[in-house]
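The lines below spell out each chain.
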Amino acid sequence: MKYRRLGKTDLNVSVVGVGTWQFGGEWGMDFSQHDVDQILDKAKELGINLIDTAECYGDHLSESLIGDYLHRNRREDWVVATKFGHHFHDKFTRTNQYGAAEVLQQLDRSLGALKTDYIDLYQFHSGPDESFDNDELWTMLDKQVQAGKIRHLGLSIAKNENLHQTQSASQVNAKTIQVVYNRLDRKPEEAVFASCEQQDLGVLARVPLASGYLSGKYKPGSVFAGNDVRHRHDQEHVANLLKQVEEIKQNEVPEGMDMAQWALAWCLKHPAVTTVIPGSKSPAQVEANAKAADFVSEDHPQAIVQ
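Quick look at the environment of Arg 72
No. 1: Tracing the backbone through its elements, the reader meets Arg 72 in helix 2 (residues 61–72).
No. 2: The exposure class assigned to Arg 72 is partly exposed, which follows from its relative accessible area of 44%.
No. 3: Separated by 39 residues in the primary sequence, Arg 72 and Leu 111 have C-alpha atoms spaced 16 Å apart.
No. 4: In contact with Arg 72, other than residues within four places in its own chain, are Gln 33 and Asp 37.
No. 5: Among the polar contacts listed, one links the side chain of Arg 72 to the side chain of Asp 37, at a separation of 2.9 Å.

Notes on the sheet that holds strand 11 (residues 202–206)
No. 1: Taken together, eight strands build an open sheet; the order of strands is 3-4-5-8-9-10-11-12 and the sheet is parallel. Each edge of the open sheet carries a strand with a single partner, namely strand 3 (18–19) and strand 12 (275–276).
No. 2: The pairing of strand 11 with strand 12 spans two bridges and is parallel. The partner of Leu 204 across the bridge, within strand 12, is Thr 275.

Observations regarding the nonpolar core
Burial of nonpolar side chains together is a common tendency in soluble globular proteins.
No. 1: Core analysis: the biggest nonpolar cluster contains 76 residues, and Tyr 122, Trp 138, Leu 141 and Leu 155 have the highest contact counts within it.
No. 2: For this core, the leading source of residues is helix 9 (residues 259–268), giving eight residues.
No. 3: Setting aside residues no more than four positions away along its own chain, Tyr 122 makes contact with Thr 82, Lys 83, Phe 84, Val 103, Gln 106, Leu 107, Leu 141, Ile 150, His 152, Leu 153 and Gly 154.
No. 4: Counting residues in each nonpolar core, the second largest holds nine residues, with Leu 6, Leu 11, Val 79 and Ile 277 among its members.

What to know about the sheet that holds strand 2 (residues 12–14)
No. 1: Ordered in space as 2-1-13, the three strands form an open sheet in which the pairing is antiparallel. Only two strands of the sheet have a single partner each, and these edge strands are strand 2 and strand 13 (303–304).

Observations concerning the side chain of His 300
No. 1: Looking at where His 300 falls in the secondary structure, it is placed in the loop between helix 10 (283–290) and strand 13.
No. 2: When sequence neighbours within four positions are dropped, the list of residues in contact with His 300 reads Arg 4, Leu 268, Lys 269, His 270, Pro 271, Ala 272 and Val 273.

Digging into helix 1 (residues 33–45)
No. 1: Between the first and last C-alpha of helix 1 there are 18 Å, a value that for 13 residues agrees with the 18 Å anticipated at 1.5 Å per step.
No. 2: By the burial criterion, the buried members of helix 1 are Val 36, Asp 37, Ile 39, Leu 40, Lys 42 and Ala 43.
No. 3: Within two residues after helix 1, Gly 47 carries a phi angle of roughly 90°, on the positive side.

Considering the packing of aromatic side chains
No. 1: Across all of its chains, the model carries eleven aromatic pairs by this definition.
No. 2: Residues Trp 21 and Tyr 57 carry aromatic rings whose centres are separated by 5.8 Å and whose planes lie at 15° to one another, so their mutual orientation is stacked. Within this pair, whereas Trp 21 is found in the loop between strand 3 and helix 1, its partner Tyr 57 is found in the loop between strand 4 (50–52) and helix 2, the two being separated by 36 residues in sequence.
No. 3: Classification of Trp 21 as partly exposed rests on a relative accessible area of 30%.
No. 4: On the basis of relative accessible area, Tyr 57 is assigned to the buried category, the value being 8%.
No. 5: Taking 5.6 Å as the distance between ring centres and 65° as the angle between the ring planes, the aromatic pair formed by Phe 132 and Trp 138 counts as edge-to-face.
No. 6: Given the relative accessible area of 5%, Trp 138 is considered buried.
No. 7: An aromatic cluster of at least three residues, connected via ring pairs, comprises Phe 84, Tyr 98, Tyr 122, Phe 124, Phe 132 and Trp 138.
No. 8: The residue whose ring lies beneath Arg 75 is Tyr 118, and the NZ or CZ to ring-centre distance is 4.0 Å.

Comments concerning the packing of helix 2 against helix 3 (residues 100–114)
Helix-helix packing is characterised by the crossing angle of the two axes and by the distance between the axes.
No. 1: The geometry of helix 2 relative to helix 3 is characterised by a closest axis approach of 6 Å and an angle of 45° between their N-to-C directions. With respect to each other, helix 2 and helix 3 are oriented oblique. Each of Glu 63, Ser 64, Ile 66, Gly 67 and Leu 70 in helix 2 lies in contact with helix 3, whose residues at this interface are Ser 110, Ala 113 and Leu 114.
No. 2: Its residues assigned to classes, the contact of helix 2 with helix 3 comprises four nonpolar, three polar and one charged.

A word on the pattern of salt bridges
No. 1: Applying the stated criterion across every chain, the model contains 16 salt bridges.
No. 2: In this structure, the salt-bridge partner of Lys 42 is Glu 287, at a minimum N-O distance of 3.9 Å. On the criterion of sequence distance, the pair formed by Lys 42 in helix 1 and Glu 287 in helix 10 is long-range, its members being 245 residues apart.
No. 3: The closest approach of N and O atoms between Arg 75 and Asp 120, which form a salt bridge, is 2.9 Å. One end of the pair, Arg 75, is in the loop between helix 2 and strand 5 (79–84); the other, Asp 120, is in strand 8 (residues 119–125), and 45 residues separate them in sequence.
No. 4: What makes Arg 75 buried here is its relative accessible area of 10%.
No. 5: A residue is classified by how much of its surface remains accessible, and Asp 120, at 0% relative accessible area, is buried.
No. 6: What emerges from the salt-bridge pattern is a single network uniting Asp 10, Arg 75, Asp 120 and Arg 151.

What counts and how
Residues numbered from 1 in each chain as written. Predicted model: local features only at pLDDT ≥ 70, side-chain atom pairs only at ≥ 80, totals over all residues. Heavy atoms only, no water. Helix = DSSP H or I, 4+ residues; strand = E, 2+ residues; numbered from the N terminus. Buried < 20%, exposed > 50% of the residue type's maximum accessible area, 1.4 Å probe, protein only. Contact = heavy atoms within 4.5 Å. Polar contact = N/O pair within 3.5 Å; in protein donor to acceptor, adjacent residues only side chain to side chain. Pairing = 2+ DSSP bridges. Core = buried A, V, L, I, M, F, W, Y, C linked by side-chain atoms within 4.5 Å. Expected span 1.5 Å × (residues − 1). Phe/Tyr/Trp six-rings, centres within 6.5 Å; stacked < 30°, edge-to-face > 60°. Lys NZ or Arg CZ within 6 Å of the ring centre and 35° of its normal. Axes fitted to C-alpha atoms, helices over the stretch in contact; angles between N-to-C directions. Parallel < 35°, antiparallel > 145°, perpendicular 65-115°, else oblique. Nonpolar A, V, L, I, M, F, W, Y, C, P; charged D, E, K, R; others polar. Salt bridge = Lys/Arg side-chain N within 4 Å of Asp/Glu carboxyl O.

Below you can see the structure in the form of structure tokens.
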């Protein structure tokens, strides 16, 4: 595994982390505690130290499964990132909750679910600008940083071109940006990444496999179950993406190289990107994702030379 410093924080993170939206039950399967233990055990064995979750992956369900694991293992070995701003009602149904009092309540629920007394990275979760532009919210969060409940603040922007929130990150004491970035969606390269580099923000690239489409496993015409968020994607758009994937596979992926590993390593080449956080449904997928680190150069602005 290779590691990079996470922007202006004092955290060093593995270049491949573990995304955990799937633990909330919206990616085609339900996860038992045993399933989660196996995935995180494999991640730890391979040198992965970053877990990214959220309050609304299930009603704190993903956090609870992770928390049970952390309670039985060394919490200090992990960088735990979670998010705030949504209230989960049912699969694929949330309402926004970005008020200062609401977020404080969410924070305490997240700490309880994660069975920890601090969160390494607490991220504003895909909220609109009017919710972001709330001094009361950021004042409350700064107090929680001072109290030790939160080590660092970050932003998870909903739209890849949201320069307003990105450019305001340092003003609200946010030290990281989480953004959708992959070979099929390069929007952050246009302006967001430049702002991140200028402010020395850590960048967590989410959906680095384009919801699994860049794994190379799916062909045009693939059908997803009703409990898989991908069944909600526009079918014509998906067909177009999978056609692009076939072309990329033919023209860009080296002969004999696993496409998923290539896609993750591709993201990690960008000088602004610190880490990728693909979801994993099994220890085997964790292992496959971790191998992307073998193709990552240590010639990167945030690289930690071992």
